[in-house]
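Analysis of the macromolecular model
The chain contents come next:
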Amino acid sequence: MRIAMLVSLIRPTGPIIVGISLGFTLSLLSVTWVDESCDSDWMGAADEMLIGQPGSSKGARKPSSISTGTTENGNVEEDFEPRIVPYNKPAQEGPPKKVFRAKYASTELGIHERLFVSVFTSKTTISTLAVAINRTLNHHLDGRLIFFTGTRNRKLPNGMFVVAHGDERPVPNMFQSVRYLLEHHIADYDWFFFVQDDTYTQPERLKTLVSHLSMDLQLYMGHPGEFIGGETQGRYCHSGPGFLLSHTENWINEFMYRLHKHFTEIELQKTYEEIEKLQSEIKNVSKVAVDGNKSALWPIGITPPFEPKSRFEVLRWDYFTEDSFFSCVDGAPKCQLNGADRDDVTDVIKVAVEELNKKYNPFVQLSAPRLVNGYRRLDHTRGMEYTLDLQFQATTESGHQKSITLRVHLVRPLSQVEIIPMPYVTEATRVHVLLPLTSYDSHAALRFLDHCSSNLFETGENAVLNFLFTYEPAEAQKVSTNDVFSEVKAKITSIEHRYPSVKVSWISIKTESPGLLRILDIVSRKHPVETLFLLVTVDTMLNSEFLNRCRMNAISGWQAFFPIHFQEYDPGVAYPDQVPPASPDLVREVGHFDRYTFEEGCFYNYDYMSSRTRMSGDLQENEELLESLDLYDVFVQYSGLHVFRAVEPALRQAYRNRTCDPRLSEDVFHRCLQSNLESQGSRSQLAMLIFEQEPGNNT
């Protein structure tokens, strides 16, 4: 009885007792098994990770520690206990960016409406058939219904959204409708259905159709039709039964481009037909002219070639090959064909091959063209002319081949000249003349002030003179005792006493670098943005005519003006054994237009500041830009304006043997040297001077 009671008490806890006992037993067996397998080779790596090196008394390491391996004597290194490294949020450099969140979740997730229905209607059916379509279709759609018509009618049915294009023709109406949807609704719907107003559409079947189609599918679905007549090949969908277009934007854009290409080709073909008709009329009329067929110059309808009146007006032909050009801008005898020049030569050869094949096809087929000789010249009255010697592999209909060389003439005519509107400017704008000066130019500045007194101050010209005195560090230390510009400043003071209404301002700048941009940066900050600047040199001779052209050619936000002044030659070379005239004429024996100088310029302060702002990114990579670039380069590369560079007959400079500063950039220094050399005299004058100096020629 007692045994039965004991069994009844133990029975519920029996499985628990057996499980605990079994667990301890298996645990002891497991420890014994791991210890016995420590000597095996293939468990060596696992043994190191679990309980350390074999034979070590250290035993198993802590589960949270990291073993660093063994030392050189085979001992186990100490375990490293992990430590918590606090996370420090990095400092934010600027203000946090404002995250734009859409108003609706569907917009942020890019969820589109399913269907957009477009109905083509007309003036006569908009109040009947279109109304019926609206009543039977609109309230059954989950998307939107819109009506397109070509006629603008003041009386439109109520409750209908109508878009009028102004053209009743079916094709333009459809084209404008697709374009309207592309511009206004392409991002809002997955499917676009187009249908005529005389077609009944069952809305439920239409919705079922689009619900089983993928939104990423490029689909143009409808009742197929064939193009009848003309050269156009292919199939299209009738607009009467309706057609379906998918949302995929690239597909809609391929569709738009194909329509545009089709209509453009039609217009281009009409233009070619009109040109051929006009050429035929010119040929017929030329037969009864005085000169006969000679009056019909090639190509027909293009301005005849320029006829020079003297040997100085003969246009030069430039020689080129497929790889090289032999009339380089920098004066080199040969240079590589790159950029637009290479594209031009490639295009001309391609056109020549196409036209020759049209002429000789199908009797002879020309292939493998190779340019033997190429000549081109720019005729400003009609365009670019080409003469090409091309070598071909000619293949006849019977298969015979032969290498032949043909000479062709081509003309790339000038397109229609258009008048570009320019912003309004006035000659009443005040000009701020900027004259940078160094100690080398102090004496020439006195002559510049005398010239300004007679040409600007006495005439009451609306101009302000600003001297920019640039001191080197050694000169700046002696400014109180020995000012290198003391004579110039005294001259300015006397002029202001003579002309009470004239104020000549100056700025003293201490710098180790003679870079002009650093000086202009200081001046720019001291003047309003609407200030018109005129940058000059001490040799510039100003007058009212040039100042007016400076005002007219410098346009704020539009254009900067860099004139090419007329540089007079050395009087000893231009007038040997003669007294130079006070005001010489503008002839080639007196001087030339110096294209190597960019020292004068008319520009607005706002345009200069904008250019310097765009230049800041490149300055971070190359700080030497402030010394290597001149003002002209800055406007060309960074302003985004139209830089107007033209000869200016009213701007002249008297000859002076200038000293080129070697601290300037290499390009600027080289241009200065080239300008000095070409300002000595003309070639004939210099040749005569050398001839007279040779022994035995002084007779």
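As annotated in an unreviewed UniProt entry, the chain carries the name Hexosyltransferase and is attributed to Sinocyclocheilus grahami. Taken from UniProt, the Subcellular location (unreviewed entry) comment for the chain reads in full: "Golgi apparatus, Golgi stack membrane". In its Sequence similarities (unreviewed entry) section, the UniProt entry covering the chain states "Belongs to the chondroitin N-acetylgalactosaminyltransferase family."

With that settled, the discussion passes to the overall build of the chain. Across its full length, the chain holds 20 helices and 23 strands. A buried classification covers 35% of the 699 residues belonging to the chain. Within the chain, contacts between residues separated by at least 24 positions form 66% of all contacts whose residues are at least 6 apart in sequence. Of the roughly 45400 Å² of accessible surface on the chain, 56% is carried by carbon and sulfur atoms.

Cross-referencing UniProt, the feature "coiled-coil region" (unreviewed entry) maps to residues 261–288 in the present numbering. Its end C-alpha atoms 42 Å apart, residues 261–288 is made of 93% helix and 0% strand.

Before going further, it helps to spend a moment on the nonpolar core. Formed by 36 residues in total, the largest nonpolar core has its most connected members in Leu437, Phe457, Leu465, Phe467 and Leu534. Per element, the largest residue contribution to this core is seven residues, and it comes from helix α10 (residues 442–457). When residues no more than four places from it in sequence are discounted, the contact partners of Phe467 are Leu435, Leu437, Ala445, Phe448, Leu449, Val488, Ile492, Val504, Ser505, Trp506 and Ile507. Leu434, Leu517, Leu625 and Leu626 belong to the second largest nonpolar core, which has 27 residues in total.

With that out of the way, let us pick up the pairing of strand β12 (residues 364–379). Alignment of strand β9 (residues 318–320) against β12, held across three bridges, turns out to be antiparallel. Bridging from a neighbouring strand, Phe320 pairs with Gly374 of β12. Bridge count between β12 and strand β13 (residues 383–396): 13 bridges; the pairing is antiparallel. Within β13, the position partnered with Arg370 by the bridge is Gln391.

Turning to the state of the cysteines, a few remarks are in order. As enumerated under the stated definition, the model contains three disulfides in all. Shown here is the disulfide that connects Cys550 with Cys602, its sulfur atoms set 2.2 Å apart. As the torsion about the S-S bond is roughly -130°, the Cys550-Cys602 disulfide counts as left-handed. Taken together, the residues span a long stretch of sequence, with Cys550 in helix α14 (residues 544–553) and Cys602 in strand β22 (residues 601–604) at a distance of 52 residues.

A word on the pattern of salt bridges. One pass over the full model with this rule turns up 23 salt bridges. Between Lys358 and Glu355 there is a salt bridge; the shortest N-O distance is 3.8 Å. Taken together, the residues Lys358 and Glu355, both in helix α9 (residues 339–360) and three residues apart, mark about one turn of the helix. Overall, Lys358 belongs to the exposed group, its relative accessible area being 62%. The class for Glu355 is partly exposed, based on a relative accessible area of 45%. Where Glu461 meets Arg551, a salt bridge forms, and the shortest distance between an N and an O atom there is 3.0 Å. Placement of the pair is Glu461 in the loop between α10 and β16 (463–471) and Arg551 in helix α14, with a sequence separation of 90 residues. Through salt bridges with shared partners, one network takes in Asp341, Asp344, Asp347, Arg376 and Arg412.

Okay, the packing of α10 against helix α12 (residues 486–498) next. How two helices pack is summed up by the angle between their axes together with the distance between the axes. As a packed pair, α10 and α12 sit with axes 9 Å apart at the nearest point and diverge in direction by 15°. If you check the angle between α10 and α12, you find them roughly parallel. As for the relative orientation of α10 and α12, their crossing is right-handed in sense. For the pair α10 and α12, the contacting residues are Ser442, His443, Ala445, Leu446, Leu449, Asp450, Ser453 and Phe457 in the first and Glu487, Val488, Lys491, Ile492, Ile495 and Arg498 in the second. Classifying every residue of the contact of α10 with α12 by side-chain character gives seven nonpolar, three polar and four charged.

The subject of this paragraph is the environment of Glu678. Looking at the element boundaries, Glu678 is found in helix α19 (residues 666–678). If near-sequence neighbours (up to four positions away) are discounted, Glu678 is found in contact with Tyr569, His592 and Tyr596.

The end-to-end C-alpha distance of helix α16 (residues 605–621) is 25 Å, a good match for the 24 Å that 17 residues give at a rise of 1.5 Å each. Of all the residues in α16, the buried ones are Asn605, Asp607, Tyr608, Ser610, Ser611, Arg612, Met615 and Leu619. Looking at the buried side of α16, the elements it contacts are α13 (516–525), β18 (532–535), β22, α17 (625–628) and α18 (631–639).

Relative to the elements of secondary structure, Glu568 occurs in strand β20 (residues 559–568). Since its relative accessible area comes to 14%, Glu568 is described here as buried. Looking at Glu568, its side chain comes within polar contact range of the side chain of Arg652, at 3.5 Å. In this structure, Glu568 is in contact with Met541, Pro584, Val590, Gly591, Arg652, Gln653, Ala654, Tyr655 and Ser679, ignoring residues within four places of it in sequence.

Let's shift gears to the packing of aromatic side chains. One pass over the full model with this rule turns up 19 aromatic pairs. With a centroid separation of 6.5 Å and an interplanar angle of 80°, the aromatic rings of Phe448 and Phe467 are classed as edge-to-face. Of this pair, Phe448 sits in helix α10 while Phe467 is found in strand β16, placing the two residues 19 residues apart along the sequence. Judged by centre distance (5.9 Å) and plane angle (50°), the rings of Phe457 and Tyr499 are tilted. Here Phe457, found in helix α10, pairs with Tyr499, found in the loop between α12 and β17 (505–510); they are 42 residues apart in sequence, far enough to count as distant. For Tyr499, a relative accessible area of 12% translates into the label buried. Aromatic ring contacts, followed pair by pair, group Phe533, Phe562, Phe598, Phe603, Tyr608, Tyr632 and Phe635 into a single cluster. Cation over ring: Arg588 sits above Phe312, and NZ or CZ is 5.0 Å from the ring centre. Between the NZ or CZ atom of Arg645 and the centre of the ring of Tyr632, over which it lies, the distance is 5.8 Å.

Rules used throughout
Residue positions are counted from 1 within each chain, in the order its sequence is given. Local features in a predicted model are, by the rule used here, given only for residues with pLDDT of at least 70; side-chain atom pairs are given and counted only at 80 or more, and totals for whole chains, interfaces and linings are based on all residues. As a rule here, side-chain values cover all heavy atoms of the structure and leave hydrogens and water aside. UniProt positions are given in the numbering used here, feature names are shortened, and annotations may be inferred rather than shown by experiment. Numbered from the N terminus, helices here are DSSP runs of H or I no shorter than four residues, and strands are runs of E no shorter than two. Using a 1.4 Å probe on the protein chains alone, a residue whose accessible area is under 20% of its type maximum counts as buried, one over 50% counts as exposed, and one in between counts as partly exposed. Contacts were defined at the residue level, with two residues in contact if any of their heavy atoms lie within 4.5 Å. Using a 1.4 Å probe, the Shrake-Rupley method yields the accessible areas, and only the shown protein chains count as cover for residues. By convention a nonpolar core is built from buried Ala, Val, Leu, Ile, Met, Phe, Trp, Tyr and Cys residues, the set being connected through side-chain atoms within 4.5 Å. Two strands pair if DSSP finds at least two bridges between them. Disulfide: a pair of cysteine sulfur atoms within 2.5 Å of each other. When a carboxyl oxygen of Asp or Glu is within 4 Å of a side-chain nitrogen of Lys or Arg, the pair counts as a salt bridge. A fitted line through C-alpha atoms represents every axis, and for helices the fit uses only the stretch in contact; the resulting angles, taken between N-to-C directions, go from 0 to 180 degrees. Angular relationships are summarised with four words: roughly parallel below 35 degrees, roughly antiparallel beyond 145, roughly perpendicular across 65 to 115, and oblique for the angles in between. Should the near helix be turned anticlockwise from the far one by less than a right angle, the crossing is left-handed, and should it be turned clockwise, the crossing is right-handed. Gly falls in the polar group here, along with every residue not listed as nonpolar (Ala, Val, Leu, Ile, Met, Phe, Trp, Tyr, Cys, Pro) or charged (Asp, Glu, Lys, Arg). Residue count minus one, scaled by 1.5 Å, sets the expected span of a helix. Distance and chemistry together define a polar contact, namely a pair of N or O atoms within 3.5 Å, with one atom able to donate a hydrogen and the other to accept it when in protein, and with adjacent residues in sequence counting only for side-chain atoms on both sides. Pairing of aromatic rings covers Phe, Tyr and Trp, the last counted by its six-membered ring, and requires centre-to-centre distances within 6.5 Å; plane angles under 30 degrees mean stacked, over 60 mean edge-to-face, and any other angle means tilted. A ring is scored as having a charge over it whenever the NZ atom of a lysine or the CZ atom of an arginine sits within 6 Å of its centre and within 35 degrees of its normal.

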